[in-house]
Amino acid sequence: MPDTPQVLTNRLREEGVRVIDFFNHLSQEQWGFIVYPQDSGWTLHHLLAHFVSSEIGRKELISDVSAGGQGAPRNFEIDTFNHLEVERLSGESNSQLLELFTQERADLFSLVSALCVE
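Structural notes, computed from the coordinates. Remember, predicted model here, so these are calculated numbers, not experimental data.

1. Some thoughts on the packing of aromatic side chains
Point 1. For the structure on display, the rule yields five aromatic pairs.
Point 2. Summarising the aromatic geometry, the rings of F23 and F51 are spaced 6.0 Å apart at their centres and angled 85 degrees between planes, so their arrangement reads as edge-to-face. One end of the pair, F23, is in helix α1 (residues 5-24); the other, F51, is in helix α3 (residues 44-66), and 28 residues separate them in sequence.
Point 3. Taking the relative accessible area as the measure of exposure, F51 reaches 26% and is therefore partly exposed.
Point 4. Measuring from ring centre to ring centre gives 5.4 Å for F76 and F81, while their planes differ by 55 degrees; the resulting arrangement is tilted.
Point 5. Taken together, F22, F23, W31 and F51 form an aromatic cluster joined through their ring pairs.

What follows is the structure, given as C-alpha cells:
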C-alpha cells in the first residue's frame with residue numbers, strides 16, 4: 001500500500017514546510033501578483049487565505065467523519081464556500097495568514113497522526 005499513514009503524515013509535514021517557505025520568500029510586490037485572473041482575481045495573498053481556509057475545513061471534515069458524522073452536507077457548494085472564506089480571511093496581513101497556516105497545518109498534522117495510530 002503506497003499511501004501508508006507514515007507517508008501521509010510525512011507529506012503533510014513536508015508540503016506544509018514548502019508552502020511556508022514559498023510564501024516567506026515573497027517580496028511585498030509579489031504578494032499582489034494575480035494568480036487567478038479569470039473569475040476571482042485572486043492574488044497570492046488570497047491564495048494563502050484559501051490555503052488557511054482549506055486547512056480548517058479539512059480538520060473539521062476529518063473530525064466529523066472520524067466521529068461518525070456525514071461529512072460535507074449534500075448541498076455543500078465548494079465555490080461559494082471558498083469565496084466567502086477567502087473574503088473573510090483576506091483582511092488578515094500576510095504575516096498573520098502565514099502564522100494561521102502554520103498553526104492550522106500543525107493542528108491538521110496532529111489530528112491525522114493521531115488517527116493513523118488508532
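2. Describing helix α5 (residues 94-117)
Point 1. With 24 residues, α5 extends 35 Å between its outermost C-alpha atoms, agreeing within 8% with the 34 Å of an ideal straight helix rising 1.5 Å per residue.
Point 2. Among the residues of α5, N94, L97, L98, F101, E104, R105, L108 and V112 are the ones counted as buried.

3. What to know about the packing of α3 against α5
Point 1. Between α3 and α5, the least distance of the axes is 9 Å, while the angle of their chain directions is 25 degrees. Considering the angle they form, α3 stands roughly parallel to α5. α5 is crossed by α3, and the crossing has left-handed handedness. Contact residues: H45, L48, A49, F51, V52, E55, I56, R58, K59, I62, S63 and S66 in α3; N94, L97, L98, L100, F101, E104, R105, D107, L108, L111, V112 and L115 in α5.
Point 2. Of the residues assigned to the contact of α3 with α5, the class counts are 14 nonpolar, four polar and six charged.

Scoring rules and cut-offs
Residues numbered from 1 in each chain as written. Predicted model: local features only at pLDDT ≥ 70, side-chain atom pairs only at ≥ 80, totals over all residues. Heavy atoms only, no water. Phe/Tyr/Trp six-rings, centres within 6.5 Å; stacked < 30°, edge-to-face > 60°. Helix = DSSP H or I, 4+ residues; strand = E, 2+ residues; numbered from the N terminus. Buried < 20%, exposed > 50% of the residue type's maximum accessible area, 1.4 Å probe, protein only. Expected span 1.5 Å × (residues − 1). Axes fitted to C-alpha atoms, helices over the stretch in contact; angles between N-to-C directions. Parallel < 35°, antiparallel > 145°, perpendicular 65-115°, else oblique. Left-handed = near helix turned anticlockwise from the far one by under 90°. Contact = heavy atoms within 4.5 Å. Nonpolar A, V, L, I, M, F, W, Y, C, P; charged D, E, K, R; others polar.

Structural measurements only, silent on function.
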